[in-house]
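# Summary of structural features
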Amino acid sequence: MNRLWVRLSIGFTFTIILVTSIPLVFFFLFRLFGLMDFTPPEYIGVTIENVEAFQGFVEGFVFQQLIRSLITAAVAGIGTGILISRSIAQPLNTLEEGARAIGEQNLTYRVDLNKGSHEILAVARSFNQMADQLQQAEVQRQNLLADVAHELRTPLTVLQGNLRGILDDVFPLEKKEISRLFDQTRHLTHLVNDLHELAQAEAHRLPLNFVEVDVPKLLQQAAAGFRPLAEEKEIDMRVELLGKLPYINADLDRLQQSLNNLISNALRHTPAGGTITLQGESATPEHLTIRVIDNGQGILPEHLPSVFDRFYRPDASRQRYDDHGGTGLGLAIVRAIVESHEGTATVDSAGENQGTTFTLTFPVENS
Ligand code: ATP
Ligand code: MG
C-alpha cells in the first residue's frame, strides 16, 4: 500500500470516479424531487397506459449508461494511474539502487537514466557527479595513505636497521651513530606535524588569526632573516616593491610560514652567484601579489602542474630526507594556507636552469 505506484493509482481512480459520479448524483436528486420528466411527446404515439412503462424504461436506460461510464472511467483511471505512477516510480527505483550501491562502497556505479522528466534527469546527473567526486576523493585518500606509508617506512627502516646493528654489536654505540638516529626521529616528527597541519589546512580547520598585514615590512623581515644563509651560499637576496602596497587581512604567522617555505626552496635550488627576489605588487586594486623569484635550477614543464601536490618528487630516485631533511609537503602546505585566505598559489618556470617564480595572490577587499 505504501508503494508510490499503488498510491498514485488509487488517487487517480478515486478522482475519476468522483468526477464521473456527479451525473449519477444529479440523476438521483432529480428523481427524488420529481424533476425528471420523461413523458413521451404525443407524436411518437405512446398510449397513455404505456407512459409509466416508457418512463421506467428511459430511467433504467439512463441509469445503466451512467453506471457503465462509471465503470469504464474507473478502469481507465486505474490503468492511467498505474502507467503514470510507474513512469515516475521507475527512475526513483533506479536512483535508489544507485544510492544503495554507493552506500556499499561500489563507487564505480553510475545511474543510467537517459529518458524521463527534466527534473528526474537533473537528479540523475547530480547523482552521477556526486559519485564521480566520491570516487575521486577515495582515490586521493588511498594515494595519501600509500604516500604516508611510504614516507614513514623509509626512516623507520633506517632506524630499525641501525638499532639492529647496535644490538648485534655490528655498529658501536657512539654519539655519531645516535645523532644519525636522532635525525631520523626528528624527520619523522617533522613529517607527522606537517601532515597534521596540511590535513587541518585542507579541511579549512587551521586556526587563523586575521590581522592587518604590512606586506613590505613582511618581505623585508623575511629577507633579513634569510640573508645570513643566502650570503653563506653566495646568493643575493633582494626585495622589490612595485607600487604602493595596501594592507591585507591575513594570519601573519601563516603568511611568514608560507614565505619561509618558498624562500628555503629557492635557496636550496639556486646555485652560488644566483639571486632570489621577494617581490610585492598591487597588480589590481582588488589583489595583492607576492612573488618569490629565483634564477636557479628551474622546473621542467612536465613537473609544473604537480609541484604543489603532497610528496611530489620531480626526481623520483632522490632520497629527499637524506638530501635536505624535507618532507615534500612544503608547497602543499603553502597552497592550503593561501587558499584558506581565499587566495591562489601558482608556479612558473621556463625550464631547466631558467629559474622559478612562485606567485601568491591575496584578495585586498577583506582588509
Ligand atoms: P619540504 O618543503 O617539506 O622541506 P620539499 O622542499 O622537497 O620538502 P616542497 O617544498 O613541496 O617539498 O617542494 C616540492 C618540490 O618542488 C621540491 O622537491 C623541488 O623539486 C621542487 N621545487 C620547489 N621549489 C623549487 C624552486 N624554487 N626551484 C626548483 N625546484 C623547486
Ligand atoms: Mg620545501
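As shown above, the structure is provided for reference.
The present account deals with the structure reproduced in this document.

What counts, and at which threshold
Residues numbered from 1 in each chain as written. Chains lettered and ligands numbered in written order. Predicted model: local features only at pLDDT ≥ 70, side-chain atom pairs only at ≥ 80, totals over all residues. Heavy atoms only, no water. Core = buried A, V, L, I, M, F, W, Y, C linked by side-chain atoms within 4.5 Å. Buried < 20%, exposed > 50% of the residue type's maximum accessible area, 1.4 Å probe, protein only. Helix = DSSP H or I, 4+ residues; strand = E, 2+ residues; numbered from the N terminus. Contact = heavy atoms within 4.5 Å. Pairing = 2+ DSSP bridges. Axes fitted to C-alpha atoms, helices over the stretch in contact; angles between N-to-C directions. Patch = residues over 30% accessible without salt bridge, like charges linked within 9 Å, V, L, I, M, F, W, Y side chains within 5 Å. Areas by Shrake-Rupley, 256 points an atom, 1.4 Å probe, with all protein chains shown as cover. Salt bridge = Lys/Arg side-chain N within 4 Å of Asp/Glu carboxyl O.

## Remarks on the nonpolar core
Within the largest apolar cluster, 37 residues are counted, with the highest numbers of intra-cluster contacts made by Ile248, Ile263 and Ile290. Elements with a minimum of two residues in this core: helix H5 (215-232), strand S3 (248-251), helix H6 (252-268), strand S4 (275-284), strand S5 (287-294), helix H8 (330-339), strand S6 (344-349) and strand S7 (356-363). In terms of residues, this core owes the most to one element, H5, which gives seven residues. Contact partners of Ile263, with chain neighbours within four places excluded, come to Ala222, Phe226, Met237, Leu278 and Val292. If you look at the next biggest cluster of nonpolar residues, it comprises 12 residues, including Leu191, Ala201, Ala332 and Ala336.

## Section: unusual backbone geometry
With a phi close to 60°, Asp169 is a non-glycine residue in the positive phi region. Within the secondary structure layout, Asp169 lies in the loop between helix H3 (118-167) and helix H4 (175-202).

## Remarks on the sheet that holds S7
Taken in spatial order, the five strands of this open sheet run S2-S4-S5-S7-S6, and their pairing is mixed. Of all the strands in the sheet, the pair left with one neighbour each is strand S2 (236-242) and S6. Adjacent strand axes in the sheet meet at a mean angle of 15°, parallel and antiparallel pairs treated alike. Packed onto the sheet, H6 meets S2, S4, S5 and S7 and runs at close to 25° relative to S5. Helix-sheet contacts for H8 involve S6 and S7, and the interaxial angle to S7 is about 20°.

## Notes on a nonpolar patch on the surface
Among the surface-exposed residues, Ile22, Val25, Phe26, Leu29, Phe30, Leu32, Phe33 and Leu35 lie close enough to one another that they form a single nonpolar patch of about 820 Å² accessible area. Secondary-structure assignment places Phe30 in helix H1 (residues 4-32).

## Observations regarding the pairing of S5
When you tally the buried positions in S5, you get six out of eight residues, the bulk of the element. Bridge count between S4 and S5: seven bridges; the pairing is antiparallel. Across the sheet, the residue bridging to Thr284 is His287, located in S5. Once S4 ends, the chain turns through two residues before running back antiparallel as S5. In the sheet, S5 pairs with S7 via eight bridges, with the strands oriented antiparallel. Among the inter-strand pairings, Ile293 is bridged to a residue of S7, identified as Thr357.

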